[in-house]
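# Descriptive structure summary
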Amino acid sequence: MKKLIIVALASSLIISCNREMDRALKSADKDFILKTANEKFANKKWSDAIALYERVSNLVAGTDEFQNVGYNTAYANYYDKNYKLAGHQFKNFAVSFPQDPRREEASYMSAICYYQGSNDYNLDQTNTQSAITELQDFLNNYPDSERSKNIQTMLDELGYKLEFKAYENARQYYKMGEYLSADVAFDNVLEDFPATKLKPKILDFKMKSKYELAMFSMPDKKKDRIDNAIAYTRTIEKELPNTDYTKTALAFRPKLEEEKVRFEKIVAEAEKRQAELTAKQKAEEAKNAAKTELKKEENNQEAIENNIEKAKKDSATVSDPNSTFRIRR
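One structure accompanies this document, and this report is about it. Every chain's residues receive numbers from 1 upward, in the order its sequence appears when written. For a predicted model such as this one, the threshold for reporting local features is a pLDDT of at least 70, and the threshold for listing and counting side-chain atom pairs is 80 or more; totals across whole chains, interfaces and linings nevertheless cover every residue. Derived side-chain values reflect all non-hydrogen atoms in the structure, with water molecules and hydrogen atoms excluded from consideration.

### Quick look at the overall build of the protein chain
When its secondary structure is counted, the protein chain shows 12 helices and 0 strands. In the protein chain, the order of α-helices and β-strands from amino to carboxyl end is α-α-α-α-α-α-α-α-α-α-α-α. C-alpha atoms define the radius of gyration in this analysis, and the globule rule sets the expected value at 2.2 Å times the number of residues to the power 0.38. Whereas a compact globule of 329 residues would reach a radius of gyration of roughly 20 Å, the protein chain reaches 46 Å, over 25% beyond that. The principal-axis extent of the C-alpha atoms belonging to the protein chain is close to 155 × 80 × 55 Å. Taken across its 329 residues, the protein chain has 32% of its residues classed as buried. Only runs of H or I of at least four residues qualify as helices and only runs of E of at least two qualify as strands under DSSP, and these elements are numbered from the N terminus. Here's how the labels work: a residue is buried when its accessible area is under 20% of the maximum for its type, exposed when over 50%, partly exposed in between, all with a 1.4 Å probe on protein chains only.

### Some words on the packing of helix α2 (residues 30–42) against helix α4 (residues 65–79)
Working note: a packed helix pair is described by the angle between its axes plus the distance between those axes. Here an axis means a line fitted to C-alpha atoms, over the contact stretch when the element is a helix, while the angle between two N-to-C directions is reported on a 0 to 180 degree scale. Their axes nearest at 11 Å, the elements α2 and α4 cross at an angle of 35 degrees. The crossing of α2 and α4 is left-handed. Of the residues in α4, those touching α2 at Lys-30, Leu-34, Asn-38 and Phe-41 are Glu-65, Val-69, Asn-72, Tyr-75 and Ala-76. Taken together, the residues that form the contact of α2 with α4 break down as 5 nonpolar, 2 polar and 2 charged. If you view the pair so one helix is near and one far, a crossing is left-handed when the near helix is turned anticlockwise from the far one by less than a right angle, and right-handed when it is turned clockwise. A contact between two residues is defined here by any heavy atoms of the two lying within 4.5 Å. Lys, Arg, Asp and Glu make up the charged group, whereas Ala, Val, Leu, Ile, Met, Phe, Trp, Tyr, Cys and Pro make up the nonpolar group; the residues left over, Gly among them, are polar.

### Some details on the nonpolar core
Formed by 27 residues in total, the largest nonpolar core has its most connected members in Tyr-167, Phe-186, Ile-202, Leu-203, Met-207, Ile-236 and Leu-256. Secondary-structure elements contributing two or more residues to this core are α8 (151–175), α9 (179–192), α10 (199–215), α11 (219–239) and α12 (244–318). By residue number, the principal contributor to this core is α10, which donates 7 residues. In this structure, Leu-256 is in contact with Tyr-211, Ala-214, Met-215, Ile-226, Ala-229, Ile-230 and Thr-233, ignoring residues within four places of it in sequence. Working definition of a nonpolar core: buried Ala, Val, Leu, Ile, Met, Phe, Trp, Tyr and Cys residues. They are joined through side-chain atoms within 4.5 Å.

### Examining helix α7 (residues 126–141)
One turn of the α-helix equals 3.6 residues, which is why residues spaced by three or four share an orientation. To estimate the expected span of a helix, subtract one from its residue number and multiply by 1.5 Å. Along its 16 residues, α7 runs 23 Å from first to last C-alpha, staying within 8% of the 22 Å computed at 1.5 Å per residue. Buried within α7 we find Thr-128, Ala-131, Glu-134, Leu-135, Phe-138 and Leu-139. Across the axial projection of α7, the buried residues extend over an arc of 140 degrees, all falling on one side. Away from its buried face by more than 90 degrees, α7 exposes Asn-140 and Asn-141. Picture the helix axis, draw a direction to every C-beta atom, and the arc is the one those directions span.

### Re the packing of aromatic side chains
Stacked, tilted and edge-to-face are the three classes applied to pairs of Phe, Tyr and Trp rings, where Trp contributes its six-membered ring and a pair requires centres within 6.5 Å; stacked means planes under 30 degrees apart, edge-to-face means over 60, and tilted covers the rest. On inspection of all chains with the given rule, the structure shows 22 aromatic pairs. On the numbers, 5.0 Å between centres and 85 degrees between planes, the contact of Tyr-75 with Phe-90 is edge-to-face. Of the two residues, Tyr-75 is situated in helix α4 and Phe-90 in helix α5 (residues 83–96); the sequence distance between them amounts to 15 residues. Among the residues examined, Phe-90 registers a relative accessible area of 0% and is labelled buried. These aromatic residues form a ring-pair network of at least three members: Phe-41, Trp-46, Tyr-53, Phe-66, Tyr-71, Tyr-75, Tyr-78, Tyr-79, Tyr-83, Phe-90, Phe-93 and Phe-97. A ring is scored as having a charge over it whenever the NZ atom of a lysine or the CZ atom of an arginine sits within 6 Å of its centre and within 35 degrees of its normal. Here the guanidinium or amino end of Lys-210 rests over the ring plane of Tyr-232, the centre of that ring lying 5.2 Å away.

### Things to note about unusual backbone geometry
Excluding glycine, residues mostly carry a negative phi; peptide bonds, for their part, are mostly trans. Residues other than glycine seldom take positive phi values, yet Lys-44 does so here, at roughly 65 degrees. As for its placement among the helices and strands, Lys-44 is situated in the loop between α2 and α3 (46–57). Lys-44 sits in the exposed class, given a relative accessible area of 60%. A positive phi angle, near 60 degrees, is found at Asn-242, a position not held by glycine. In this fold, Asn-242 is placed in the loop between α11 and α12. Looking at Asn-242, the relative accessible area reads 80%, which means it is exposed.

Honestly, that's just the spatial picture; any functional story needs more than this.
Shown next as structure tokens:
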């Protein structure tokens, strides 16, 4: 029975609140709308408060309540997790009311909204970039503020998110066997984030990429890639001494050197075979050239003999007494 009474009272209260909300939304009385909006805000009814503040905003323009409405609307959107909109509203408040004592807090909350709106590393990082800009701006504008103490921590967190996204993108190339692309992508991470905490892992993946490229490279690039991979194992030794990364590098090096010797033998044998083939081809060409020349000489000799024979026949015809010559008169 007691539960039924409580449920009935709750239902009655909800209906009453809804009626009051409807009256406020339809009302033209700014004081009543504002009073209802503030009550909704105090009771953490954020969506109702937002709707009523938007309804009353034009009605209080030019009055003392206007700043409070804007400030509360920004907070209501923040608590309702509309971070992008709230960030814009806080920033607009700080710019529009530079003399308001709440300006610093509004600037801080604007930065916090962008921070809260930052996506996970595997999603679009536009909001993260904006958050870094806003937090840095607050740090520059209010370096002595108590609120600045945790700003650097948030900046470090957001910066690491960008680093990790770039690192993961490069690692995807490695996982797909695109070792050349991975090597270039990891270089870009180091260039964009020179102080990254991920540097040891990045150097390790670069070494592994170079190793794979060297061991399974196309012949015309293999020697250079082997030399490059061997040199990089020494870089790992220098940059990451006494680590598991160095152990991996030291394990790779003899395999690379062995592959280099094997490849050099293959190249030497190929060059020897090529030289033998070239010599054979030249000998064959010389032989064919000699045959051609001999054939040419034979043809010339045959032509000479034919000409001699023809000349003999012509001469026999001229000396024949039976030959008749007609003299043109």
